[in-house]
Every structure is written in structure tokens, then in C-alpha cells.
Amino acid sequence: MSTIDGSVLVLNAGSSSIKFQLFDADHSHLHGEVDGLGTEHPHLRISGDSDVPTADRALSPKEAFCHESALAVVVAWLDEALPDARVLAVGHRVVHGGPNYGDPVEVTDRILEDLERLIPLAPLHQPHNISGIRAARVAFPNARQVACFDTAFHRGHSFAETVFALPRQYYDEGVRRYGFHGVSYDYISCRLAEIAPEIAKKRVIAAHLGNGASMCAMHEGRSISSTMGFSALDGLVMGTRCGQIDPGVLLYLMQQRGMDGDAIATLLYHDSGLKGLSEISSDMRELEASDDPRAAQAIEHFVARIRRELGGLTAVLGGLDALVFTGGIGEHSRLIRQMVCAGQEWLGLAFDEAANAANAEVLSAPGSAVTVLRIPTDEERMIARAARKLIRG
């Protein structure tokens, strides 16, 4: 087994899991996950290079009752399997950077306190991101902790794209459109520059479609507009999140149904989206396999919102040169890609059904004015690059 020196460990902490990946320079040696945190049946899975051991075993509830205990299991495995590994930095995906944080930062006590104040803006993600940072500080006391923000890629938006039409004091207080999935879009921008440099600087819309979903309009590799706004609720329909909604609906729920803020938050974050519409599942794979008409209706609405935003973002860009599908659904669902692209000849988009069926990288037909691409995202690699750049700086 080769010696790994000066590695960066990337952590993506969720509510019931910790995903991790170990990088040496730009090479990923292993990736894994502890899922089922806080349940009776947590599990550890690790896979990697041919010269790196793997793991696939059940854990006891005591071993993974929280992020800190789960990460301790990962550290113990690394110490045994890769005794020569030296983790210089731990990179963390943090969903919300608020109005003050854009570039990756080394996490200090003060910064951690600032990030905790942003929890109300991203209650589904931010608490777990912070738990991952706290756990990593215990597990790797000599490593530098680096936070990379999902909002950062969108920080160059114009005032018109950022502001809500509320009294200006709210904008000054931070009530504004931030946009999310920025680490993913940053990777897509960099990847386009590698594989299609003639397209990368043109007018591109990237669709990150997964359990969380959004779209981003890019020009010259920079974000111009995003479907997500103040929170990770806005824009497209998602697995359990509602996407765009008339604020009058929320007033109705409060005034006529007597729902308080906690009840509405549970409804919008956990019980809506594909799950709420279908009453079957939040998982697109299960919906595509179902013959229940409610599943078809949920898929139809999911696609309708994407098509609506595609038209709007194209107008923002003043035209369209490329459409990129990424994220779990974007990368793997032939049906969703086909439904989104059907009837888009008005854009100059000619779709290649055979290429789509084969999950090819290029999904547009020869001669299409709009190039359609399927590019798997790699947020962990972007975080590792950012962490290494920061500690070298």
C-alpha cells in the first residue's frame, strides 16, 4: 500500500449520515459513509483504490449515536488501514455562508459562532454541517478545518437578481436571494472549461437535480442567476421540499389553519415536494417505477417547474448555448432529461434520444444550436481543492 502524505479529508455531514472522501493532491484514495446515525442500525461503508482496504459492516448504536462518535469510528479505521496517512486539513461543505462569507475560510471559534447564527436560514442542513465541523475538530485536533459555502458561487449576482421587493431595511439585514448548490455549480464550470472550453464561456444553464434541486444560469463561467433564493426551499420541486410557493399560501395556513412556524417548516421542508404530491415517495426512482397516477402527476409537475425555469433563465442570459444535467436525478434519469428537453426546438435544441438512452456525455443531436450535456458533479473534489489551496496560501 502506498504512503499517503499530506491528505485532505472532505466531510459532508447530514442529519443521519456522514459522507467522507480522502484526497492526496487531486486523487481520491477512498470514499465512504456512516449512515443511520442515531438509529438502532448504523452502518459503515468504505471503498477505495485497489491498494486501500474496504469496509462494509454494521455498527452498534453506541458507535454512531452522533456525528462525533461516528467520526471516531472512521478515524479508528483510517489509523488501522492507512497508518501513514497524515490529514493536513478537513474540508466541510457548509450550505449557508450568509452575506459575509464567500471564499473558503479556516474555521475559528468566532466563525463557528457566526455560522450557528445562520441556522434559521438553512435549518435542514446548517446544524448538521456545524456538527460535522465540531466532530472533526475533536477527531483531528492538529488539522486545519476549512469551510466551503454553497452560497459562495452566486455572490456576484446583480442587485436586481438578489433583492426581494420588501422595504430596503430587510435587504440590509440579510434578507436577500443567496442561491445554493454553489459547490456543484463551481465544479460544473471548471469541468466545462476542461472538456468544452468553447462552451464554458458562453451562455450555460446547469440543472442540479436531486433530492435537492436547483438551476443556475452561467455566463463566462460565473453565476448570473439561480432558482434558489433566501433558503433552500425556493425554486424547483424537490424530494420533500415544496419549491416556489405563493406567500399567500403561508398566510392562509397561519391565519385560517392556525399553523405556527414550526408546523409550517415541517410541512415545507419534510412533507412536501415529490413526497407530498405523490403520497408515495420522495425518491424519483420509485416514482418512475410506479404505475400509480399520483406518481406520474408528481413527475409531471417536477418537470413543468424545470421547463418554466429553463425559459426564465434563458431570458436572463439573452439566449442559450448549453444545458447541463447534473445531480443524482440529472445524471441518472433518462426519463426526466427526455421530458425536460421534449418540445424545446424553439430554443434551437435538438435532442438525441439514443444518446440519452445510453447515458452519454453529449445528449444533443449533431447540428443542435444548444449543446446538451450530462456531467456528473464532484462537490468533494472541489472542496478538497479549495482546502488545499487555502492551507498552501
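Everything numeric here is computed off the predicted structure, so don't read it as measured data.

J.: Can you walk me through the pairing of strand 9 (residues 203–209) in this structure?
T.: Judged by how many residues are buried, strand 9 sits mostly within the fold: six of seven residues are covered. Pairing of strand 9 with strand 10 (residues 213–219) involves seven bridges; the strand directions are antiparallel. Bridge pairing in strand 10 links Ala206 to Cys216. Alignment of strand 9 against strand 12 (residues 322–326), held across five bridges, turns out to be parallel. Following the sheet pairing, His208 is matched in strand 12 by Thr326.

J.: Help me understand the nonpolar core, please; the structure alone is not making it clear to me.
T.: Grouped together as the largest cluster of nonpolar side chains are 54 residues, with contacts concentrated most on Leu115, Leu209, Phe302, Phe325 and Ile336. No other element matches the nine residues that helix 12 (residues 293–317) contributes to this core. Apart from the residues lying within four places of it in its own chain, the contact partners of Phe325 are Ala207, Leu209, Gly330, Arg337, Val340, Cys341, Leu363, Val372, Leu373, Arg374 and Ile375. If you look at the next biggest cluster of nonpolar residues, it comprises 30 residues, including Leu37, Leu44, Ala55 and Leu59.

J.: Just to check I follow, could you spell out the environment of Pro376 for this structure?
T.: With respect to the helices and strands, Pro376 occurs in the loop between strand 13 (371–374) and helix 16 (379–392). Using a relative accessible area of 40% as the deciding quantity, one classes Pro376 as partly exposed. The spacing of Pro376 and Glu361 is 15 residues in sequence and 9.2 Å in space, taken between C-alpha atoms. Apart from the residues lying within four places of it in its own chain, the contact partners of Pro376 are Tyr187, Thr326 and Glu331.

J.: What's the story with helix 9 (residues 261–270) in this structure? I'm lost.
T.: Residues of helix 9 that are buried include every one of Ile264, Leu268 and Tyr269, and no others. End-on view of helix 9: buried residues confined to an arc of 115°, all on one side of the axis. Of the surrounding secondary structure, the elements contacted by the buried residues of helix 9 are helix 8 (247–255). Capping the start of helix 9 is the job of one residue whose side-chain oxygen sits 3.3 Å from the backbone nitrogen of Asp262: Asp260.

J.: What exactly am I supposed to notice about unusual backbone geometry here?
T.: With glycine set apart, most residues show a phi of negative sign, and most peptide bonds adopt trans. A positive phi angle, close to 60°, is found at His181, a residue other than glycine. Positionally, His181 belongs in the loop between helix 5 (168–172) and helix 6 (182–195). We note that Asn359 has phi near 55°; this positive angle belongs to a residue other than glycine. Positionally, Asn359 belongs in the loop between helix 15 (353–357) and strand 13.

J.: Got a minute to help me understand the packing of aromatic side chains in this structure?
T.: Given two aromatic rings, their pairing is described by the distance between the two centres and the angle made by the two planes. According to the stated counting rule, one finds three aromatic pairs in the structure shown. Between Phe159 and Tyr171, the aromatic rings sit 5.2 Å apart at their centres with planes inclined by 70°, giving edge-to-face as the arrangement. Within this pair, whereas Phe159 is found in helix 4 (residues 159–162), its partner Tyr171 is found in helix 5, the two being separated by twelve residues in sequence. By relative accessible area, Tyr171 is classed as buried at 18%. Ring geometry for Tyr178 versus Phe230: centroids 6.4 Å apart, planes at 40°, classification tilted. Of the two residues, Tyr178 sits in the loop between helix 5 and helix 6 while Phe230 sits in the loop between strand 11 (222–226) and helix 8, which places them 52 residues apart along the sequence. Residue classification places Tyr178 among the buried residues on the basis of a relative accessible area of 7%. Its guanidinium or amino end placed over the ring of Tyr171, Arg176 lies 4.1 Å from that ring's centre, counting from NZ or CZ.

J.: Even after reading the chapter, I still don't get the side chain of Gln126, so can you show me in this structure?
T.: Tracing the sequence through the fold places Gln126 in helix 3 (residues 126–139). Within the structure, Gln126 has its side chain in polar contact with the backbone nitrogen of His96 (distance 3.0 Å). Setting aside anything within four residues of it in sequence, one finds Gln126 in contact with Val94, Val95, His96, Leu115, Leu118 and Ile119.

J.: Quick question: what am I supposed to make of the pattern of salt bridges here?
T.: For side chains of opposite charge, pairing can occur when their charged atoms come near one another. In total, this model carries 20 salt bridges according to the counting rule given. For the salt bridge of Arg57 with Glu63, the shortest nitrogen-to-oxygen distance reads 3.9 Å. Overall, the relative accessible area of 37% leaves Arg57 in the partly exposed class. The exposure class assigned to Glu63 is partly exposed, which follows from its relative accessible area of 28%. A salt bridge links Asp234 to Arg177, with the shortest nitrogen-to-oxygen separation between them at 3.1 Å. In this pair, Asp234 is assigned in the loop between strand 11 and helix 8 and Arg177 in the loop between helix 5 and helix 6, connecting sequence segments 57 residues apart.

Reading the values: the criteria
Residues numbered from 1 in each chain as written. Predicted model: local features only at pLDDT ≥ 70, side-chain atom pairs only at ≥ 80, totals over all residues. Heavy atoms only, no water. Buried < 20%, exposed > 50% of the residue type's maximum accessible area, 1.4 Å probe, protein only. Helix = DSSP H or I, 4+ residues; strand = E, 2+ residues; numbered from the N terminus. Pairing = 2+ DSSP bridges. Core = buried A, V, L, I, M, F, W, Y, C linked by side-chain atoms within 4.5 Å. Contact = heavy atoms within 4.5 Å. Arc of directions from axis to C-beta. Polar contact = N/O pair within 3.5 Å; in protein donor to acceptor, adjacent residues only side chain to side chain. Phe/Tyr/Trp six-rings, centres within 6.5 Å; stacked < 30°, edge-to-face > 60°. Lys NZ or Arg CZ within 6 Å of the ring centre and 35° of its normal. Salt bridge = Lys/Arg side-chain N within 4 Å of Asp/Glu carboxyl O.

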